[in-house]
Amino acid sequence: MSVAELDFASCYRAVAARDARFDGRFYTAVTSTRIYCRPICPARTPASRNVRFYRHAASAEAAGFRPCKRCRPELSPGDPGWDHRGDLIGRALRLIDEGVADDGGVTRLAGRLHITERHLHRLFTAEIGVGPLAVARTKRLLLAKQLLTETGLPITDVAFASGFGSVRQFNATMKETYGFTPGELRATAGGSRGVADTSLRLRLHRREPYDSGTLLRFLRARAIPGLETVDETSYSRVVPGGTVTLTPLPGHVRLDVELDDTRGLARVVARCRRLLDLDADPQAIADALGGTSLGPLVAARPGLRVPGAWDGFEVAVRAVVGQQISVAGARTLLGRIVARAGQGGVLFPTPEELLGADLEGLGLTGRRIATLRALAARVAEGEIDLDGAQEPAQTVSRLLLVPGIGPWTASYVALRALRDPDAWPDGDLVLRRTMARLDISEDHIERWRPWRAYAALHLWSAS
């Protein structure tokens with residue numbers, strides 16, 4: 001849905017009904033107050049003559065509107081229309097979430113996508129209404145607003161944690177865009193002035209329903225010893241410079257972060273959202289799959305999510321190691337790889353670290369070691385990008401050129417790392433057996449498009 005495709009009447013009805021299905025899909029700007037809100041804002045519905053609708057928060061801010069302090073647009077779940085898109089805009093937005101524009105500006109962002117800055121700006125303006133720098137700036141401001149409101153992190157640390165290059169730039173940008181300084185916002189929000197602390201707690205919002213139990217069971221069965229800890233209520237892992245713990249609660253997921261350097265916080269938040277598939281639209285998925293042969297499974301597990309990835313290379317290694325062995329066996333081998341090749345024996349190795357590690361004697365076959373080395377080399381060289389810059393079909397085709405990687409492995413990577421909602425692990429034995437037990441023939445697979453990844457999770461969960 002582009003800027004021009006927002007239908008005023010439909011949007012206004014959603015606002016009047018405070019329809020949560022539209023939260024994150026558009027923002028309501030009120031000309032009489034110069035405030036923009038989420039569709040679920042509890043404030044009185046403004047008169048239609050005073051309303052403007054924007055597809056992205058950045059568009060509303062570029063038009064001179066400030067975020068509502070009551071409904072807090074920074075808590076809005078992401079737009080599912082962009083979450084699953086593999087086109088340039090979708091990939092660019094994921095890279096912005098990763099902080100690519102904060103680190104290297106539009107030049108680096110366009111370079112990762114292999115297009116010109118001018119073309120990228122043209123695409124953003126047509127689709128969103130503003131350029132990529134404006135989107136990145138709004139991302140920074142909204143994260144800063146959440147940190148100022150929910151945490152006691154010192155304002156100087158908030159500036160760097162949200163991606164600003166200096167405190168002066170942070171203060172000036174917030175004053176220019178919102179009309180108040182960071183200190184004024186913290187004071188009106190009733191927040192602490194902040195003390196030095198390496199731990200933070202944030203709320204990550206999602207759409208309901210949300211089947212956290214099935215998601216945590218999936219992650220627990222595959223938790224790598226020494227790297228991840230998963231129980232019935234939460235997921236924890238070691239990350240560079242600290243740890244993260246994710247605890248699903250009613251209405252949101254609580255994120256507890258402990259970092260030596262909070263400058264990577266925006267990237268941590270983005271990766272946590274993808275890991276737990278927080279931007280999905282469960283209603284659209286249920287509507288598409290509920291009327292098919294999967295109807296009983298969809299009804300049994302409302303809000304089922306596809307487990308994502310903290311790191312794309314990690315998922316690719318998991319897929320290669322897991323070929324033709326049990327989930328428990330793969331978990332054991334992956335734990336040995338982390339202990340041997342990962343930094344400190346607790347972090348998952350980077351492609352460069354895996355290339356330099358001795359993988360003999362871990363229980364891997366010679367062929368599997370060769371595949372892992374070939375994969376690591378191509379990711380290290382930039383030939384394969386597993387973190388969102390490449391079009392998913394192109395990434396899959398390049399994965400298939402790696403000796404030892406077949407369609408199942410490439411599809412599994414597409415499903416978890418590339419966020420392809422239609423990825424289907426063809427040839428998966430568990431899927432075949434479950435379909436046979438449920439008397440579902442293979443010609444039904446085409447009927448599950450474009451949500452075959454979710455169909456696969458329903459079948460795996462029913463096995």
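The structure displayed is predicted, hence computed values, not measured ones.

Caption draft 1: Main features of the overall build of the protein chain. Along the backbone of the protein chain there are 22 helices and nine strands. By the compact-globule yardstick of 23 Å for 463 residues, the protein chain fits well, its C-alpha radius of gyration being 22 Å. Along the first, second and third principal axes, the C-alpha set of the protein chain runs to 65 × 50 × 45 Å. Carbon together with sulfur atoms contributes 51% to the accessible area of the protein chain, which is approximately 19,200 Å² in total. Each charge class in the protein chain was averaged separately, 62 positive and 52 negative side chains, and the resulting centres sit 4 Å apart.

Caption draft 2: Here's a closer look at the packing of aromatic side chains. Under the definition given, this model contains 13 aromatic pairs. Both rings, one in F164 and one in F170, keep their centres 5.1 Å apart while their planes meet at 45°; by these two values the pair is tilted. Owing to a relative accessible area of 3%, F164 belongs among the buried residues under this scheme. Geometrically, the ring pair formed by W451 and Y454 is edge-to-face, given 5.8 Å between the ring centres and 70° between the ring planes. Owing to a relative accessible area of 15%, W451 belongs among the buried residues under this scheme. Grouping aromatic residues by their ring pairs yields a cluster made of F8, Y12, F22, F26 and F53. The aromatic ring of F218 is capped on one face by R222, whose charged end is 3.7 Å from the ring centroid. When the ring centre of W310 is taken as reference, the NZ or CZ atom of R271 above it lies at 5.9 Å.

Caption draft 3: Examining the sheet that holds strand 9 (residues 252-259) more closely. One open sheet holds the five strands; their spatial order is 5-9-8-7-6, and the pairing between them is antiparallel. Looking at which strands have only one partner, the edges of the open sheet turn out to be strand 5 (199-205) and strand 6 (228-230). Here the strands of the sheet are splayed against their neighbours by 15° on average, with no regard to which way each runs. Both strand 7 (residues 235-239) and strand 8 (residues 242-249) contribute to a ladder of five bridges, which runs antiparallel. Its bridge partner lying in strand 8, V239 is registered against G242. Packed onto the sheet, helix 12 (residues 265-275) meets strand 5, strand 7, strand 8 and strand 9 and runs at close to 45° relative to strand 5.

Caption draft 4: Local environment of the environment of R122. Tracing the backbone shows R122 in helix 6 (residues 117-127). For R122, a relative accessible area of 48% corresponds to the partly exposed category. Along the chain, R122 and T332 lie 210 residues apart, while their C-alpha atoms are 48 Å from each other.

Rules and cut-offs
- Residues numbered from 1 in each chain as written.
- Predicted model: local features only at pLDDT ≥ 70, side-chain atom pairs only at ≥ 80, totals over all residues.
- Heavy atoms only, no water.
- Helix = DSSP H or I, 4+ residues; strand = E, 2+ residues; numbered from the N terminus.
- Rg over C-alpha atoms; globule rule 2.2 N^0.38 Å.
- Areas by Shrake-Rupley, 256 points an atom, 1.4 Å probe, with all protein chains shown as cover.
- Lys, Arg positive; Asp, Glu negative; His and termini not counted.
- Charge placed at Lys NZ, Arg CZ, Asp CG, Glu CD.
- Phe/Tyr/Trp six-rings, centres within 6.5 Å; stacked < 30°, edge-to-face > 60°.
- Buried < 20%, exposed > 50% of the residue type's maximum accessible area, 1.4 Å probe, protein only.
- Lys NZ or Arg CZ within 6 Å of the ring centre and 35° of its normal.
- Pairing = 2+ DSSP bridges.
- Axes fitted to C-alpha atoms, helices over the stretch in contact; angles between N-to-C directions.
- Contact = heavy atoms within 4.5 Å.

In short, geometric facts, not functional conclusions.
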